[in-house]
Amino acid sequence: MACTKRHVVGSAFLLAQCLMCLAAVALAHAASDVVEAPAMSPLRGIAYGALPCTEQFCGGLHPSEDMLLNGYAKQWGPEGRNDLAIMADLGANAVRLYHSLGLDGNESHVGFLNHAQQVGLD
């Protein structure tokens, strides 16, 4: 499999999270002799990429693959199917997106991120 920009962005994000956690533990250790690990729950994520159509069925039209755009709110938001709340109800606490943030432009992802936080997805 070829390494794409999406893979690099996703890997870099995970690495950054790990480094931030290690830095927090190192700072806590430097501040005291006893280090208590932060309370953490297991990661229970769901991969999400519910694009509404494919090339074969869209008549050659290609919608943006950026599921975080407000144009997809009827799928992930409360005014539609509410996929994010369904995932949280199933016990998920994280969502893995197949299409990374911001690869298709500079459009806002605030609605998706706010709703994900409201339903308890990190």
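These numbers were taken from a predicted model, which means no experiment stands behind them. (Residues numbered from 1 in each chain as written. Predicted model: local features only at pLDDT ≥ 70, side-chain atom pairs only at ≥ 80, totals over all residues. Heavy atoms only, no water.)

Notes on the environment of Trp76
As a reminder, the rule being used: Working definition: helices are DSSP H or I runs of at least four residues, strands are E runs of at least two. Numbering for both runs from the N terminus.
Looking at where Trp76 falls in the secondary structure, it is placed in helix H2 (residues 73-76). Counting along the chain gives 35 residues from Trp76 to Gly111, while the straight-line C-alpha distance between them is 9.8 Å.

Considering unusual backbone geometry
Under the convention used in this document: Three labels apply to residues, based on accessible area from a 1.4 Å probe with only protein chains included: buried if under 20% of the type maximum, exposed if over 50%, partly exposed otherwise in between.
For Asn82, which is not a glycine, the phi torsion comes out positive at approximately 60°. Its location among the elements puts Asn82 in the loop between H2 and helix H3 (83-89). Given a relative accessible area of 18%, Asn82 falls into the buried group.

Here we look at the nonpolar core
The line we're drawing: Residues grouped as a nonpolar core are buried Ala, Val, Leu, Ile, Met, Phe, Trp, Tyr and Cys residues, joined through side-chain atoms within 4.5 Å. What makes two residues a contact is simply this: any of their non-hydrogen atoms within 4.5 Å.
Among the nonpolar cores identified, the biggest contains 13 residues, and Tyr48, Trp76, Leu84, Met87, Phe112 and Leu121 are the most heavily contacted of them. Counting only elements with at least two residues in this core, the list comes to H2, H3 and helix H4 (110-118). The greatest single-element share of this core, amounting to 3 residues, is contributed by H3. Aside from chain neighbours lying at most four places away, what touches Tyr48 is Met67, Gln75, Trp76, Arg81, Asp83, Met87, Val95, Arg96, Leu97, Tyr98 and Phe112.

Topic: the environment of Gln75
By secondary structure assignment, the location of Gln75 is in helix H2. The class of Gln75 is buried, set by a relative accessible area of 13%.

Focus on the packing of aromatic side chains
For clarity, the threshold we go by: Any pair of Phe, Tyr and Trp rings, taking the six-membered ring for Trp, is counted once the centres come within 6.5 Å. Such a pair is stacked with planes under 30 degrees apart, edge-to-face with planes over 60 apart, and tilted for the rest.
As enumerated under the stated definition, the model contains 1 aromatic pair in all. Ring centres 5.3 Å apart and planes at 80° place the aromatic pair Trp76 and Phe112 in the edge-to-face group. Highlighted residues: Trp76 in helix H2 and Phe112 in helix H4, separated in sequence by 36 residues. Residue Trp76 shares its accessibility class with Phe112, and that shared class is buried.

Brief notes about the side chain of His109
What counts here: Here a polar contact is recorded for every N or O atom pair within 3.5 Å, except that within protein the pair must consist of a potential hydrogen donor and a potential acceptor, and residues adjacent in sequence are included only if both atoms are side-chain atoms.
You can see His109 is positioned in the loop between strand E2 (94-97) and H4. Take His109: its relative accessible area is 11%, and that puts it in the buried class. Polar side-chain contacts of His109 include one of 2.6 Å to the side chain of Asp66.

A word on the pattern of salt bridges
Counted only if it meets this: Salt bridge, as used here: a side-chain nitrogen of Lys or Arg that lies within 4 Å of a carboxyl oxygen of Asp or Glu.
According to the stated counting rule, one finds 1 salt bridge in the structure shown. Asp83 is the partner of Arg81 in a salt bridge, and the nearest nitrogen-oxygen pair spans 2.7 Å.

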